Structures are given as structure tokens and as C-alpha cells.
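A structural walkthrough
Letter by letter, the chains look like this.
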Amino acid sequence: MTAPTRTEREQWGTILELSTRMLEQAEIRDWDSLTALMDARDKLLKLYFTQSDSVARNEELREQIAMIQDNDRLIVELTKTNRELLADELIKLQKAKQTVNAYQLQMQRLEIQ
């Protein structure tokens, strides 16, 4: 097995950095940035593994891939939680709108009388 080249190490460092930044963006609910980072990381991963087959079997690399997968699982959980929170907020907003509409209708009825 050959050692990774400098370019391969730099590419891998960028992949790890993007993965960490993805988790940070998910934690602050910046979904647009998360999507952009995910797209960039996925492109780099495809390029990296197309060019670096022998490096892919390295134990350290497997551990780092496991870390990326753990981060991805956390990101999925954060997006799932956010979706649930948004759904709850939407229900509250719909109920508030119904209350406002009922109040406005009652006010209109009182004005007509």
C-alpha cells in the first residue's frame, strides 16, 4: 500500500473540514449553506476515491470515514428535528390565523348590526 500523496492529504483534509462545517451549519439551521457544503463535499469524495483507490483501504481513512458518517447521521437528526419543530410552529400559526379570522368575522358582524 502506498502512502497518500500531498495532494491526496490536502483533498482529504478539505473533505473532513467540509464535513465538520456541514454539522456546524445544521446546528445553526443554515440549510442553504449545509446543502452547498454537502454538494461540494460529495464532489470531492467522488473525485478522491476515483483517484485514490489504494489509499481507501487505509485504517486511518476508514476511521475518518466513520466520523463523516457519524456527522451525517447527526445532520439528519438535526434536520428531522427541525422539520418537526417547523411543523409544530406551522400548526400554531394556523391556529392563530383561525383565531384572528374568527375575531375579524365577529367584529364585522358587530359593525353590520
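Here, every reference points to the structure presented above.
Keep in mind it's a predicted model, so treat the numbers as computed, not measured. (Residues numbered from 1 in each chain as written. Predicted model: local features only at pLDDT ≥ 70, side-chain atom pairs only at ≥ 80, totals over all residues. Heavy atoms only, no water.)

**Let's talk about unusual backbone geometry**
To keep things clear, this is the line we draw: In DSSP terms, a helix is any run of H or I states spanning at least four residues, a strand is any run of E spanning at least two, and both are numbered starting from the N terminus. Only protein chains enter the calculation, and the probe is 1.4 Å; a residue is then buried if its accessible area is under 20% of its type maximum, exposed if over 50%, and partly exposed in between.
Positive phi outside glycine occurs at Arg29, with the angle close to 60°. For Arg29, the location among the structural elements is in the loop between α1 (6–27) and α2 (31–51). Take Arg29: its relative accessible area is 45%, and that puts it in the partly exposed class.

**Some details on the pattern of salt bridges**
Here is the rule we go by: By salt bridge we mean one thing: a side-chain nitrogen of Lys or Arg within 4 Å of a carboxyl oxygen of Asp or Glu.
Tallied over the entire structure, the rule returns six salt bridges. Between Arg6 and Glu10 there is a salt bridge, and its shortest N-O distance comes to 3.2 Å. On the criterion of helical spacing, the pair formed by Arg6 and Glu10 is a turn pair, its members being four residues apart in helix α1. On the accessibility criterion, Arg6 (60% relative accessible area) is exposed. With a relative accessible area of 43%, Glu10 lands in the partly exposed category. Across the pair Arg73 and Asp70 runs a salt bridge whose closest N-O atoms are separated by 2.5 Å.

**Some remarks on a nonpolar patch on the surface**
For clarity, the cut-off: Patches in this entry comprise residues that are over 30% relatively accessible and not in a salt bridge; like charges within 9 Å are linked, as are nonpolar side chains (Val, Leu, Ile, Met, Phe, Trp, Tyr) within 5 Å. All accessible areas in this document rest on Shrake-Rupley with a 1.4 Å probe, and a residue is counted as covered only by the protein chains that are shown.
Together, Tyr103, Met107 and Leu110 line one region of the surface with nonpolar side chains, adding up to about 310 Å² of accessible area. When you line up the elements, Met107 lands in helix α3 (residues 59–112).

**Observations concerning the side chain of Arg41**
Turning to its location among the elements, Arg41 is positioned in helix α2. Residue classification places Arg41 among the buried residues on the basis of a relative accessible area of 4%.

**A few points about α3**
For the record, the criterion: In this analysis, the expected span of each helix is defined as 1.5 Å times one less than the number of residues it contains. In this description, contact between two residues means that some pair of their heavy atoms is separated by no more than 4.5 Å.
Taking 1.5 Å as the rise per residue, α3 with 54 residues should run 80 Å; its terminal C-alpha atoms sit 79 Å apart, in good agreement. For α3, the set of buried residues is Leu61, Gln64, Ile68, Asn71, Ile75, Thr79 and Asn82. In the core, the buried residues of α3 are packed alongside α1 and α2.

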